[in-house]
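So the chains spell out like this:
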Amino acid sequence: MHPSLEIMTPFQTIQQTLAPDLKRLNDRILQALDSPNTLMNSVIHHYLEKKGKQIRPILVLLSARLLGEVNDKVVGGATAVELLHNASLIHDDVVDDTVTRRGSATINGLWDNHLAVLVGDFFLSNALLQGADTNDIRIIHSISNLGRLLSIGELDEIYNARYNALDEPTYLNIIYRKTASLFVSCVEVGAYGVDVDDDRLDTLREYARLLGLCFQIKDDIFDYFSDEKIGKPTGNDLREGKVTLPLIHALEDTTHPRHHEMVALARKDSLSTEEVATLIDFAIAGGGIEYASATMHSMRDEAVALLSRFPQSDITDALTALLDYIIDREN
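Residues numbered from 1 in each chain as written. Predicted model: local features only at pLDDT ≥ 70, side-chain atom pairs only at ≥ 80, totals over all residues. Heavy atoms only, no water.

Engineer: Would you mind going over the overall build of the protein chain with me for this structure?
Structural biologist: Looking only at helices and strands, the protein chain features 16 helices and 2 strands. Here the protein chain has a C-alpha radius of gyration of 20 Å; the compact-globule value for 331 residues is 20 Å, and the two agree. Its C-alpha atoms give the protein chain principal-axis dimensions of roughly 60 × 50 × 45 Å. The 331 residues of the protein chain split such that 50% are buried. (Helix = DSSP H or I, 4+ residues; strand = E, 2+ residues; numbered from the N terminus. Rg over C-alpha atoms; globule rule 2.2 N^0.38 Å. Buried < 20%, exposed > 50% of the residue type's maximum accessible area, 1.4 Å probe, protein only.)

Engineer: Just to check I follow, could you spell out helix H5 (residues 72–95) for this structure?
Structural biologist: It helps to recall that an α-helix has 3.6 residues per turn; residues three or four apart then point in one direction. For H5, which comprises 24 residues, the first-to-last C-alpha distance of 35 Å matches the rise-based estimate of 34 Å (1.5 Å per residue) to within 8%. H5 sits mainly inside the fold: 18 of its 24 residues count as buried. One side-chain oxygen at the N-terminal end of H5 lies 3.0 Å from the backbone nitrogen of lysine 73; it belongs to asparagine 71. (Expected span 1.5 Å × (residues − 1). Polar contact = N/O pair within 3.5 Å; in protein donor to acceptor, adjacent residues only side chain to side chain.)

Engineer: What should I look at first to understand the packing of helix H4 (residues 55–67) against H5 in this one?
Structural biologist: The axes of two packed helices give the description: the angle between them and the distance between them. Two numbers describe how H4 lies on H5: the axes approach to 8 Å, and their chain directions differ by 155°. It follows that H4 is roughly antiparallel to H5 by the angle criterion. Between H4 and H5 lies a crossing whose hand is right-handed. Contacts between H4 and H5 involve Arg56, Pro57, Val60, Leu61 and Ala64 on the former and, on the latter, Val74, Ala78, Val81, Glu82 and His85. For the contact of H4 with H5, the residue count by class is 7 nonpolar, 1 polar and 2 charged. (Axes fitted to C-alpha atoms, helices over the stretch in contact; angles between N-to-C directions. Parallel < 35°, antiparallel > 145°, perpendicular 65-115°, else oblique. Left-handed = near helix turned anticlockwise from the far one by under 90°. Contact = heavy atoms within 4.5 Å. Nonpolar A, V, L, I, M, F, W, Y, C, P; charged D, E, K, R; others polar.)

Engineer: In this structure, what is going on with the nonpolar core? I would like to understand it.
Structural biologist: In a soluble, globular protein the nonpolar side chains are often hidden away together inside. If you look at the biggest cluster of nonpolar residues, it comprises 104 residues, and the most contacted ones within it are Leu59, Tyr207, Leu247 and Leu322. Here leucine 59 is in contact with Phe183, Cys186, Val187, Tyr207, Ala208, Leu211, Leu319 and Leu322, once residues within four sequence places are set aside. (Core = buried A, V, L, I, M, F, W, Y, C linked by side-chain atoms within 4.5 Å.)

Engineer: When you look at the packing of aromatic side chains in this model, what are you seeing that I'm missing?
Structural biologist: Think of a pair of aromatic rings as described by two things: how far the centres are apart, and how the planes are tilted against each other in angle. According to the stated counting rule, one finds 2 aromatic pairs in the structure shown. Ring centres 5.5 Å apart and planes at 45° place the aromatic pair phenylalanine 183 and phenylalanine 215 in the tilted group. Of this pair, phenylalanine 183 sits in helix H9 (residues 168–193) while phenylalanine 215 sits in helix H10 (residues 199–222); the two residues are 32 residues apart in sequence, bridging distant segments of the chain. According to the relative accessible area criterion, phenylalanine 215 is buried, its value standing at 7%. Looking at arginine 56, its charged tip hangs above the ring of phenylalanine 215, at a distance of 4.8 Å from the centre. (Phe/Tyr/Trp six-rings, centres within 6.5 Å; stacked < 30°, edge-to-face > 60°. Lys NZ or Arg CZ within 6 Å of the ring centre and 35° of its normal.)

Engineer: Please clarify how unusual backbone geometry should be interpreted in this entry.
Structural biologist: Among all residues save glycine, negative phi is the norm, and among peptide bonds the norm is trans. A positive phi angle, close to 55°, is found at asparagine 135, a residue other than glycine. Note on placement: asparagine 135 falls in the loop between helix H7 (113–133) and helix H8 (137–163). On the accessibility criterion, asparagine 135 (70% relative accessible area) is exposed. In the Ramachandran plot, aspartate 195 falls in the positive-phi region, its phi being about 60° despite a non-glycine side chain. By secondary structure assignment, the location of aspartate 195 is in the loop between H9 and H10.

Engineer: Looking at this model, I keep getting lost on the side chain of lysine 178. Mind explaining?
Structural biologist: Residue position: lysine 178 is located in helix H9. Given a relative accessible area of 16%, lysine 178 falls into the buried group. Setting aside anything within four residues of it in sequence, one finds lysine 178 in contact with Leu150, Gly153, Glu154, Glu157 and Gln216.

Engineer: Which parts of the structure should I look at to understand the packing of H10 against helix H15 (residues 288–307)?
Structural biologist: Two elements in contact, H10 and H15, have axes whose closest approach is 9 Å; the angle formed by their N-to-C orientations is 160°. By the criterion of interaxial angle, the relationship of H10 to H15 is roughly antiparallel. As H10 runs across H15, the sense of the crossing is left-handed. Of H15, the residues touching H10 (which contributes Thr203, Glu206, Tyr207, Leu210, Leu213, Cys214, Ile217, Lys218 and Ile221) are Ile289, Ala292, Ser293, Thr295, Met296, Met299, Arg300, Glu302, Ala303, Leu306 and Leu307.

Engineer: Hey, could you run me through the pattern of salt bridges in this one?
Structural biologist: If you walk through the whole model with that rule in mind, you get 16 salt bridges. Of the charged contacts in the structure, one is a salt bridge between arginine 24 and aspartate 72, with a shortest N-O distance of 2.8 Å. Of this pair, arginine 24 sits in helix H2 (residues 19–33) while aspartate 72 sits in helix H5, and the two are 48 residues apart along the sequence. The class of arginine 24 is partly exposed, set by a relative accessible area of 31%. (Salt bridge = Lys/Arg side-chain N within 4 Å of Asp/Glu carboxyl O.)

That is the geometry; function is a separate question.
The following block contains the structure:
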């Protein structure tokens, strides 16, 4: 083994495995986002300098490799998914009035909301164009339905914040739509790209659903701890009326002497900094973090069992490593 490989993390190993495909992907993203407008190009150049881990297109590529070979249709589909995901992030930053993400200034933070919405629309339209260029109606349908589910998921979350349904099934339905649906679309696009549409895709869909749920549960756990690397203040979800799994679990203990008090507090329309801290402390003391972590690991085991239906390979190992990365990540 090459010495440099010995110090690579599992996720870096995945990136190394997919390096040629990721280069094709990023070249295509740059080509898709090129425009005749100097301001648009400047904003996009700034935005792409801080691109994330690209977990979603990586999942498209891994799914395609599991079932076949990466081709132009797969790369086009992966590009569409990544552009749609970024369009949703740009628009979310406007809705949430977020000026930094992962320690870097957002588009609306550096410029303004008007420009950010237009750039987000530009990403979205190019995502649809990339999907259409695959000439596969299944890919176009998956991406279009994804945009629908993401919107419904965000609206579900707003509705739930206002009407305070504090139960685990409601929470899981919301995070399926707002987060896990994107991961499911990724494996669909990868499979359709290599012309697979059978029971193997059904298995991958369930794997991706569990992967996406783990991703969001981990994000929600971050909200209970202070860490600048995460890119948002502690308790931000609670300030916005979002009650997530750790607190939901703690509130299920109806025998707790402060149960009714904490339920009433969680249902308030607005919370002070002290009230947010009280709910965070209550969730942590009530074992909410341990429960959310155990839920993730249970889902992880289910997902690994699903992968065992495929012949063991570097790709099934990579899909398992992707699960572990998502659960163990620090930001």
